[in-house]
Amino acid sequence: MNLKRIITFVIVCVLATMTLTAKGRKSKEPVRITCIGASITEGATTADPSRDSYPAQLQRMLGNTYAVSNYGVSGCTMLKKGDSPYWNTEAYQNALASDPDIVFIDLGGNDSKAVNRVHMDEFVKDACEMIASFQNLPSKPRIIVLTPIVSFVEDPDGIYDAVINRLVAPKTIDAADRMRVEVLDMHPILKRHPELMPDCIHPNAEGSEMMAKKMYEYLTAWPEKPSDHMTIDAMANNPFITHLYTADPSAHVWDDGRLYVYASHDIFPPRGCDYMDRYHVFSTDNMIDWTDHGEILHSGQVPWGRREGGYMWAPDCAYKDGTYYFYFPHPSGTNTGPTWKIGIATSKEPAANFTVQGYIEGVPSFIDPCVFMDDDGQVYLYNGGGGKCYGGRLKDNMVELDGPMVEMEGLYDFHEGTWVHKYNGNYYLTYPDNFIDPSRGNKQYNRMHYAMSKSPLGPWEYKGIMLEETDCDTSHGSIVEYKGQWYMFYHNCALSGRGNLRSICVDRLYYNEDGTIQIVEQRNRSFLDRY
Ligand code: FUB
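Nothing here was measured: the structure is a model prediction, and the numbers come from that model. (Residues numbered from 1 in each chain as written. Predicted model: local features only at pLDDT ≥ 70, side-chain atom pairs only at ≥ 80, totals over all residues. Heavy atoms only, no water.)

(A) Representation of the overall build of the protein in the model. Along the backbone of the protein there are nine helices and 27 strands. Its C-alpha atoms give the protein principal-axis dimensions of about 80 × 75 × 45 Å. Taken over 531 residues, the protein has a buried fraction of 56%. Total accessible area on the protein is roughly 22300 Å²; 50% of this is exposed by carbon and sulfur atoms. Across the protein, the centroid of the 49 positively charged side chains sits 5 Å from that of the 69 negatively charged ones. (Helix = DSSP H or I, 4+ residues; strand = E, 2+ residues; numbered from the N terminus. Buried < 20%, exposed > 50% of the residue type's maximum accessible area, 1.4 Å probe, protein only. Areas by Shrake-Rupley, 256 points an atom, 1.4 Å probe, with all protein chains shown as cover. Lys, Arg positive; Asp, Glu negative; His and termini not counted. Charge placed at Lys NZ, Arg CZ, Asp CG, Glu CD.)

(B) Just the sheet that holds strand β12 (residues 323-331), in detail. Read across the sheet, four strands follow the order β11-β12-β13-β14 without closing on themselves; strand pairing throughout is antiparallel. The sheet terminates laterally at β11 (316-320) and β14 (355-359), the two strands that pair on one side only. The mean inter-strand angle of the sheet, taken between neighbouring strand axes irrespective of direction, is 30 degrees. Here β12 runs beside strand β13 (residues 340-347); their pairing, made up of eight bridges, is antiparallel. Each bridged residue has a counterpart across the sheet, and for H330 the counterpart in β13 is K341. (Pairing = 2+ DSSP bridges. Axes fitted to C-alpha atoms, helices over the stretch in contact; angles between N-to-C directions.)

(C) Representation of the packing of aromatic side chains in the model. Tallied over the full model, the rule gives 31 aromatic pairs. Look at Y428 and Y450: their rings are 6.3 Å apart centre to centre, the planes differ by 25 degrees, and that puts the pair in the stacked class. With Y428 in strand β20 (residues 426-432) and Y450 in strand β23 (residues 448-453), this pair connects stretches of sequence that are 22 residues apart. Residue classification places Y428 among the buried positions, given a relative accessible area of 0%. (Phe/Tyr/Trp six-rings, centres within 6.5 Å; stacked < 30°, edge-to-face > 60°.)

(D) View of the site of the ligand. Every residue near the ligand is listed here: D248, M276, W313, A314, I367, D368, E416, T474, H476, H491 and R502. In this structure, D248 approaches the ligand through a side-chain N or O atom, which is 2.5 Å from an oxygen atom. Measuring from an oxygen atom of the ligand, one finds a backbone N or O atom of A314 at 3.3 Å. Look at the ligand: alone it shows 270 Å² of surface, and the protein chains cover 98% of it. Class assignment for the residues of the shell around the ligand results in four nonpolar, three polar and four charged. (Near = heavy atom within 4 Å. Polar contact = N/O pair within 3.5 Å; in protein donor to acceptor, adjacent residues only side chain to side chain. Nonpolar A, V, L, I, M, F, W, Y, C, P; charged D, E, K, R; others polar.)

(E) Region of interest: the side chain of N383. Topologically, N383 is positioned in strand β16 (residues 379-385). A polar side-chain atom of N383 sits 3.1 Å from the main-chain carbonyl oxygen of P364. In terms of polar contacts, N383 uses its side chain to reach the backbone carbonyl oxygen of F366, at 3.3 Å. Discounting chain neighbours no more than four positions away, the residues touching N383 are I342, V363, P364, F366, I367, D368, P369, K388, C389, Y390, M405 and T418. (Contact = heavy atoms within 4.5 Å.)

(F) Local environment of the packing of helix α7 (residues 123-135) against helix α8 (residues 161-179). Here α7 crosses α8 at 45 degrees, and the two axes come no closer than 9 Å. By the angle between their axes, α7 is oblique relative to α8. Here the hand of the crossing between α7 and α8 comes out right-handed. Contact with α7, carried on its side by F123, V124, A127, C128, I131, A132 and Q135, involves V168, K171, T172, D174, A175, A176, R178 and M179 of α8 and no other residues of that element. Grouping the constituent residues of the contact of α7 with α8 by class yields 10 nonpolar, two polar and three charged. (Parallel < 35°, antiparallel > 145°, perpendicular 65-115°, else oblique. Left-handed = near helix turned anticlockwise from the far one by under 90°.)

Just geometry here; none of it tells us what the structure is for.
In C-alpha cells form, the structure reads like this:
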C-alpha cells in the first residue's frame, strides 16, 4: 500500500468509528441534558429525588442515549434581586460547566412570592440573561424554557397561581420569544390534579412523572428544534393566522405530510356573517410556520348560489383517489332558511384550482358540513343547525347520499358546527352549544361539547364540555392528529375583540385513559381579562 492509500484508509476508519456530531461530540456519547430550576426540579418533597424528581424520571423515559443531570436548588428565583437568586448558586456554575446539548430552564415559581414579585419588572431581562448565559456556551445547547407549573397555595403572598398565570408565565414566554428559544407550557398540566401536589406547590412522584412525560413527548416529537422561530410547545402563537380574519377551521392531514386548514373568512370592515365570502387554505409541516395558499373559492363561482352572494360559511374537505372534495354550506335562494345546500367543489390539488360541481341532493337545509372517512373507506356526511344534527352515508362518488340523513341521537344542547373524528376505536362528535353567559351580560358565548359512540352515526353518549367559551359568541372546531400529537382547532376574537372578526387558533388536545377528552387549555386567553 502506498502512503496515500494508507492515509485514506486511516481516515475512513476514524470516520467510521468516530462519527462526530456537528458539535464535535462522538455520536455514541449520550446527549447531555441539563435541568436547572428550583425545588420542583430538585424533587425536594418527593420520597427519593434521585428516583422521583422529573429529571430522574425523564432520564428513565429517554434511556441511556441521554444523560440527564439535575441542577435544581430549592427556593431559587430567576430574579437577580429575588430572595434566593439561582445566579448565586454553585449548581448554576456546575450547570454552565456541564457541557450541555440541551438545557431545560424551570425557574419562576418562587419569583411569584410577594417578597420577589416587587421586582417583576426585571424578570424578562433576567430571564433573557439566564438564557444567554447558556446560549453562549461553547456547546451551543438547545434551550427549552418551562413555564412554572400551577400552584394551589391559598396565601396570596406565597407562590401564588394568579401571579404565575398573569405575570410569570407570560414574562417567561416573552423572554423566550426575545431569545428565540423554545417554551414548554407546563402550567396547564397539573391544573386538574391537586391530589398530585400534597403541599399545594410540589408534585409528588406521579405529578413529576406527568412533567417528565410532557418533556419526553416533546423531545421525541421534536428531536431537533423545529424552527428558527420561538416556539411554544412547537406551535405558533394563538391566533396563528393574523394577516386576515378567519373562522371555522377544518383541519386535515393529507398524503404530502402537511397539515391543511380550510377556513372561512370574516370580511373587514365587518358587516356580519351574512356577507362572509371566499375561503382560504393554510398549511404547515411544523405547527409554527403557516403558508396561506390564498383564496380557493368565492360565492361568485357558485352557479346555483343565491344571487346576492355572501353566506360562505363553515366548510370541510375530504380526499379520495387523487381528488380533493371541498364541501361548503351556501344558500341557493334569497330566503336562506329553507335553501341551504351543501355545495361541492373539486380539485386535483389540496389548496388551489377548485371547481364547483354542484351540491349534494337530499341534504336537510342546514349548515356546517363535516365529512368523516372511516378506516374501512366508508364516508359520512354531517350537517346541522337550529338544534338538530344530521348524519348519513355518502356514496363512493363522494357527491351523493347513500340513503337519507338521520338526526343524531344523544347530543345535549346542540347548536351547529359538527365535527366527527375517531380515536382508539371510538367515534367522537364535537359541536358548539347555545350557551348564554350570565357572568358576561347574558350574551352568547358558545362552548364546545362532545359525545362518544361505537358507531359513526350514533346513538351518541353525551360526555360534556371540551372547549370552554372564548371571547366570541360563536365557536367552531376540528380535531386532528399530526405527527403523533392531537390538536384542537377553533376560533376566537383575540385580534379584533369583535364577534364578526374572528381568528383561527390551535391547541393541544389530550385524552384520558378511558377515552374521554380533557378540557382544552386555550393559550392566549389573556384577552378574557378585558371582561
Ligand atoms: O362562520 C359562519 C358560521 O358561524 C358558521 O357556519 C358557524 O359554525 C359559526 O361559526
